[in-house]
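Take a look at the letters that make up each chain.
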Amino acid sequence: MMHGPGVIPRAEAIARAETAAERADTARRRADWLTHAILILGVALFALPIWIVLMGSTHDVATISRGEVPLLPGPYALENYWAAWTEGSARTTRVPVSAMMLNSFVMAMLIAVGKIVISILSAYAVVFFSFPGRMLAFWAIFITLMLPVEVRIFPTFKVVSDLGMINTYAGLIVPLIASATATLLFRQFFLTIPDELVEAAKIDGAGPMRFFKDVVVPLSTTNMAALFVILFVYGWNQYLWPLLITTTGDVETIVIGIVRMIGSEADTDWHLVMATTVLALLPPVAVVILMQRWFVKGLVETEK
Amino acid sequence: MATLELQGIRKSFGTVPVLHGIDLHVAEGEFIVIVGASGCGKSTLLRIVAGLETATEGSVLIGGADVTRLEPKDRDIAMVFQNYALYPHMSVFDNMAYGLRIRGLPRAEIEERVRRTAEMLGLGELLRRKPRELSGGQRQRVAMGRAIVREPKLFLFDEPLSNLDAKLRVQMRAEIKRLQRRLGVTSLYVTHDQVEAMTLGDRLVVMNGGRAEQVATPMEVWREPANIYVAGFIGAPAMNFLHGRLCSEGDAVDLRAGCAIALAAPPAGVKNAEVTVGIRPEHVRICGTGAVGAIPLKVDLVEPLGAESLIHGILPSGEELTVRTNDCSPLAGTTLPIVLPAEHLHLFGEDGRRLRLAHARNAAARVRAGA
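Residues numbered from 1 in each chain as written. Chains lettered and ligands numbered in written order. Predicted model: local features only at pLDDT ≥ 70, side-chain atom pairs only at ≥ 80, totals over all residues.

1. Some remarks on the overall build of chain A
As a reminder of what qualifies: Only DSSP runs of H or I with at least four residues qualify as helices, and only runs of E with at least two residues qualify as strands; both kinds are numbered from the N terminus onward. Each residue is classified by how many other C-beta atoms fall within 10 Å of its C-beta atom, where C-beta atoms are placed from the backbone; a count of 20 or more means buried, 12 or fewer means exposed, and values in between mean partly exposed.
In terms of regular secondary structure, chain A is built from 13 helices and 0 strands. Ordered by position from the N terminus, the helices and strands of chain A form the series α-α-α-α-α-α-α-α-α-α-α-α-α. C-alpha atoms of chain A, sized along the principal axes, occupy 100 × 75 × 35 Å. Per-residue burial for chain A yields a buried fraction of 26% across its 304 residues.

Now the structure itself:
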């Protein structure tokens with residue numbers, strides 16, 4: 001075939017394409033570097049404080065009191081963690097971290113489980129039954145989403161204290177247990193369950209509770225697991241409410257405990273505070289890591 | 001096994017009426033297909049029989065007992081849904097066994113029944129699988145199995161084949177028919193597909209706008225459609241409709257397309273009136289030019305189907321006509337002389353109802369003798 005005007009010979013065309021490809025390659029590599037640099041900086045910003053806490057928990061009180069910020073591990077790790085776990089801060093609270101961890105664990109667990117149970121039941125009622133005031137009930141739940149805990153904290157405190165629930169697990173947990181968010185999430189999920197499935201169950205002879213137990217709950221497990229992670233972390237990190245409702249060490253949670261351990265500058269066992277902080281981090285992290293599998297499963301299972 | 005009787009079923013959603021009084025008697029073991037375009041109320045009717053909807057008026061009798069006010073579970077019916085509605089988290093075995101467990105049957109009997117049904121449907125190997133691990137056809141079969149294992153008085157099918165591909169649909173259609181014959185369970189089957197309706201049903205209920213337009217065997221519906229709607233709905237490709245006028249003696253019809261066709265006997269009580277003349281594409285004959293009563297058809301489009309061809313053309317009156325033939329495939333743009341045989345004409349009055357013709361065959365013989 002003849003080369004017409006404007007037609008590039010083949011070899012030259014290939015060479016041009018190659019240089020273009022190389023240029024694109026270099027540009028991409030440069031962009032990769034930039035992306036990575038930004039990401040690494042971000043990770044450092046998030047991770048550095050945790051690293052400092054982790055390292056601080058392995059030094060003795062004197063090092064930290066001198067104002068040093070050690071970035072390498074010290075020799076006192078075991079001692080510090082043992083002291084925090086069994087005795088707590090001798091100079092301030094004197095409540096062992098193990099007790100506070102147990103309180104936090106019980107609270108977070110009961111809040112997470114309680115919220116899931118209550119919200120799955122209310123979502124079931126709102127989605128699968130028609131009764132007078134159904135939409136009113138739904139909107140009433142929805143509107144509570146708009147009210148943060150802080151807005152209703154004083155009336156709630158009054159009610160709880162009148163019921164004599166100060167310094168009890170019940171007082172700590174019950175006011176936090178209703179969840180509009182979880183109810184809405186379950187509602188959205190229930191709306192994706194096809195009507196035919198409900199009808200097939202009706203023809204099979206399953207009543208409402210049976211359908212709930214045999215079909216709705218098993219289908220919701222991945223949603224429940226995802227919610228459990230979020231709600232457990234939410235419960236674990238509660239600060240304001242436990243601060244108001246706990247006045248003694250008996251039901252004190254770890255988040256409150258850390259704050260109380262920090263007395264005046266001279267009295268604070270910083271090495272123990274840091275060890276306690278690391279310990280306080282562990283359960284939420286463990287829950288997230290253990291439940292991650294369920295998250296993935298929930299994402300992969302597209303068919304409901 | 002049981003009879004089913006529907007008496008004056010009416011249904012309105014709010015102020016919108018969807019069913020205008022349906023009466024139907026289904027004999028024991030009969031396979032009834034309810035067919036109609038979407039929105040004609042056929043699914044609503046099925047759901048009323050199932051008890052998933054309540055009729056505004058009228059009653060449902062299964063095996064002679066009035067079940068109008070009973071819950072679905074107390075009606076002893078089984079239903080196969082369009083999207084199968086299998087429980088996604090249960091194995092095939094559990095899907096089939098669920099209804100039996102709720103009924104409190106002994107474990108051994110459940111096991112026995114499920115295994116037997118699964119064998120019958122060729123699902124024996126799949127009992128441990130979850131629905132998502134099955135193909136469309138297998139899911140369909142599990143849905144059938146779930147219905148069969150219950151040994152109900154009545155099977156209800158709500159467009160069970162419309163989610164399958166064409167080949168599988170034909171296969172499952174035959175399978176459903178065979179199963180129904182074998183089990184002899186009275187069945188009600190809803191579909192919008194007229195081929196499914198024709199092949200499956202002992203009798204058809206052709207529905208339109210919330211009314212049963214015709215209830216008859218498939219061949220009756222095809223041969224003597226009760227009105228223009230049924231005539232146009234059943235049969236593929238659809239029947240051709242032409243304008244015509246019944247002459248003053250009532251024994252011939254003048255087509256607007258430009259020919260007169262003699263009829264043996266005038267339709268009772270109708271003369272000198274506008275009529276709609278229907279003829280199926282397979283009944284139009286292609287003849288030589290100059291034949292008596294030939295109408296020139298201008299060929300617009302030819303669709304070869306292999307064994308036969310569909311010829312779409314335009315008559316001198318501007319009306320469209322489809323011819324189905326197996327011995328000719330003309331080029332588009334040419335003119336084809338055609339004859340409409342009198343014995344195959346369907347006449348519909350101005351109200352759209354069929355006009356009954358007496359001795360149509362003799363009339364045809366006369367026309368041919370005249371030619």
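2. Description of the overall build of chain B
Stated formally: It is the C-beta atoms, placed from the backbone, that decide contacts: two residues are in contact if theirs lie within 7 Å.
Per the secondary structure count, chain B includes 9 helices and 21 strands. Considering only C-alpha atoms, chain B reaches an extent of 80 × 45 × 35 Å along its principal axes. In chain B, buried positions account for 40% of the 371 residues. For chain B, restricting intrachain contacts to residue pairs at least 6 apart in sequence, the fraction spanning at least 24 positions comes to 65%.

3. Re the interface of chain B and chain A
Condition: Lys, Arg, Asp and Glu make up the charged group, whereas Ala, Val, Leu, Ile, Met, Phe, Trp, Tyr, Cys and Pro make up the nonpolar group; the residues left over, Gly among them, are polar.
Tallying the contact residues gives 18 residues for chain B and 16 residues for chain A. Looking at the side of chain B that touches chain A residue by residue, the class counts come to 12 nonpolar, 3 polar and 3 charged.

4. Some words on the domain arrangement of chain B
Residue and element names in this part refer to chain B. Worth spelling out the cut-off: Residue ranges for the domains trace back to a domain assignment, done automatically or taken from a database.
Taken domain by domain, chain B consists of domain 1 (4–231) and domain 2 (242–370). Centre-to-centre separation of domain 1 and domain 2, based on C-alpha positions: 39 Å. Counting residues at the interface gives 7 residues for domain 1, matched by 7 residues for domain 2. When its residues are assigned to classes, the side of domain 1 that touches domain 2 shows 5 nonpolar, 1 polar and 1 charged.

5. What to know about the sheet that holds strand 17 (residues 309–314) of chain B
Paired through backbone hydrogen bonds, the strands of a sheet run either parallel or antiparallel to each other. All names here are of chain B. Inclusion rule: The criterion for strand pairing is that DSSP finds at least two bridges linking the strands in question.
Read from one edge to the other, the open sheet built from 5 strands follows the order 15-19-16-17-18, with strand pairing classed as antiparallel. Every other strand in the sheet has two partners, leaving strand 15 (285–286) and strand 18 (320–325) as the edge strands with one partner each. Examined bridge by bridge, strand 16 (residues 295–304) and strand 17 share 6 bridges and lie antiparallel to one another. Paired with K298 across the strands is I314, a residue of strand 17.

6. Some words on the environment of P70 of chain A
Residues and elements named next belong to chain A. When you line up the elements, P70 lands in the loop between helix 2 (61–65) and helix 3 (77–86). Looking at P70, the number of C-beta atoms within 10 Å reads 13, which means it is partly exposed. Residues P70 and I52, 18 residues apart in the sequence, show an inter-C-alpha distance of 7.0 Å. Those residues in contact with P70, other than ones at most four positions away along the chain, are M55, G56, H59 and T63.

7. Some thoughts on the pairing of strand 11 (residues 240–246) of chain B
All names here are of chain B. Burial along strand 11 is one-sided: N240, L242, G244 and L246 are buried, while F241, H243 and R245, pointing the other way, are not. Strand direction decides the pairing type here: strand 11 and strand 14 (residues 274–279), joined by 6 bridges, are antiparallel. For N240, the partnering residue across the bridge sits in strand 14 and is I279. As defined by bridge partners, strand 11 adjoins strand 12 (residues 252–255) across 3 bridges and the pair is classed as antiparallel. Directly across from R245, in strand 12, lies its bridge partner D254. Linking strand 11 back to strand 12 in an antiparallel pair, the connection comprises 5 residues, with G250 at a positive phi of about 80 degrees.

8. Comments concerning the pairing of strand 9 (residues 203–208) of chain B
Residues and elements named next belong to chain B. Here 4 bridges tie strand 3 (residues 31–35) to strand 9, and the two strands are oriented parallel to one another. By the bridge assignment, V33 is partnered in strand 9 with L204. Pairing geometry for strand 9 and strand 10 (residues 211–216), over 5 bridges, is antiparallel. Within strand 10, the position partnered with M207 by the bridge is A212. Remark: 2 residues form the turn of the hairpin made by strand 9 and strand 10, two consecutive strands paired antiparallel; G209 in that turn has positive phi of roughly 55 degrees.

9. Observations regarding the packing of helix 4 (residues 136–148) of chain B against helix 5 (residues 166–183) of chain B
Residue and element names in this part refer to chain B. Operational definition: Fitted lines through C-alpha atoms serve as axes, helices being fitted only where they are in contact, and the angles separating the N-to-C directions of these axes extend from 0 to 180 degrees. The labels follow the angle: roughly parallel below 35 degrees, roughly antiparallel above 145, roughly perpendicular from 65 to 115, and oblique for the rest. Crossings are assigned a handedness: left-handed for a near helix turned anticlockwise from the far helix by less than a right angle, right-handed for a clockwise turn.
Interaxial distance between helix 4 and helix 5 falls to 11 Å at its minimum, and their mutual angle equals 15 degrees. On the basis of their axis angle, the class for helix 4 and helix 5 is roughly parallel. Here the hand of the crossing between helix 4 and helix 5 comes out right-handed. Contact residues: G136, G137, Q140 and I148 in helix 4; L168, M172 and L183 in helix 5. For the contact of helix 4 with helix 5, a count of residues per class yields 4 nonpolar, 3 polar and no charged.

10. Some details on the confidence of the model for chain A
Applied cut-off: A residue's pLDDT is simply how confident the predictor is in it, with values from 0 to 100.
This prediction gives chain A a mean pLDDT of 85; 92% of its residues lie at or above 70. The element-level mean pLDDT for chain A is lowest in helix 2 of chain A, coming to 79, with helix 9 (residues 195–204) of chain A highest at 93.

11. Re the sheet that holds strand 20 (residues 346–348) of chain B
Spatially, the 6 strands line up as an open sheet ordered 13-12-11-14-20-21 (chain B), and their pairing is antiparallel. With one partner strand each, in any of the chains shown, strand 13 (259–262) and strand 21 (354–355) of chain B form the two edges of the open sheet.

12. Focus: the confidence of the model for chain B
Detailed reading of the predicted coordinates is not advisable wherever pLDDT falls low. All names here are of chain B. Looking at chain B as a whole, its pLDDT mean stands at 89, while 95% of the residues score no less than 70. Across chain B, strand 3 holds the top mean pLDDT of 96, while helix 9 (residues 360–370) sits lowest at 45. Low confidence marks residues 359–371, where pLDDT is under 50. Its contacts with residues over four positions away, or in another chain, come to 19 contacts.

13. Section: the environment of M55 of chain A
All names here are of chain A. Structurally, the position occupied by M55 is in helix 1 (residues 10–56). In this structure the C-alpha to C-alpha distance between M55 and H271, which are 216 residues apart in sequence, comes to 9.4 Å. Filtering out sequence-adjacent residues up to four positions away, M55 remains in contact with P70, L71, L72 and P73.

14. A short note on the packing of helix 8 (residues 180–191) of chain A against helix 10 (residues 208–236) of chain A
Two numbers describe a pair of packed helices, the interaxial angle and the distance between the axes. All names here are of chain A. In the contact formed by helix 8 and helix 10, the axes pass within 11 Å of each other and the chain directions differ by 160 degrees. Classified by the angle between their axes, helix 8 and helix 10 sit roughly antiparallel to one another. Note that helix 8 runs across helix 10; the crossing there is right-handed. Facing helix 8, whose interface residues are A182, L185, F186 and F189, helix 10 presents S220, N223, L227 and L231.

15. Focus on the nonpolar core
To keep things clear, this is the line we draw: In this description, a nonpolar core means buried residues of the types Ala, Val, Leu, Ile, Met, Phe, Trp, Tyr and Cys, linked to one another by C-beta atoms lying within 7 Å.
Counting residues in each nonpolar core, the largest one holds 131 residues, and the members touching the most others are I34, M79, L156, L188, Y189 and V206 of chain B. Top element by residues in this core is helix 4 (residues 97–128) of chain A. It accounts for 9 residues. Counting residues in each nonpolar core, the second largest holds 16 residues, with A83, M261, W270 and A275 of chain A among its members.

16. Some words on helix 1 (residues 42–50) of chain B
All names here are of chain B. Of all 9 residues making up helix 1, 9 are buried, and the element is well covered by its neighbours. Looking at helix 1, one finds that the buried residues are K42, S43, T44, L45, L46, R47, I48, V49 and A50. G51, located one to two residues past helix 1, shows a positive phi value of around 90 degrees.

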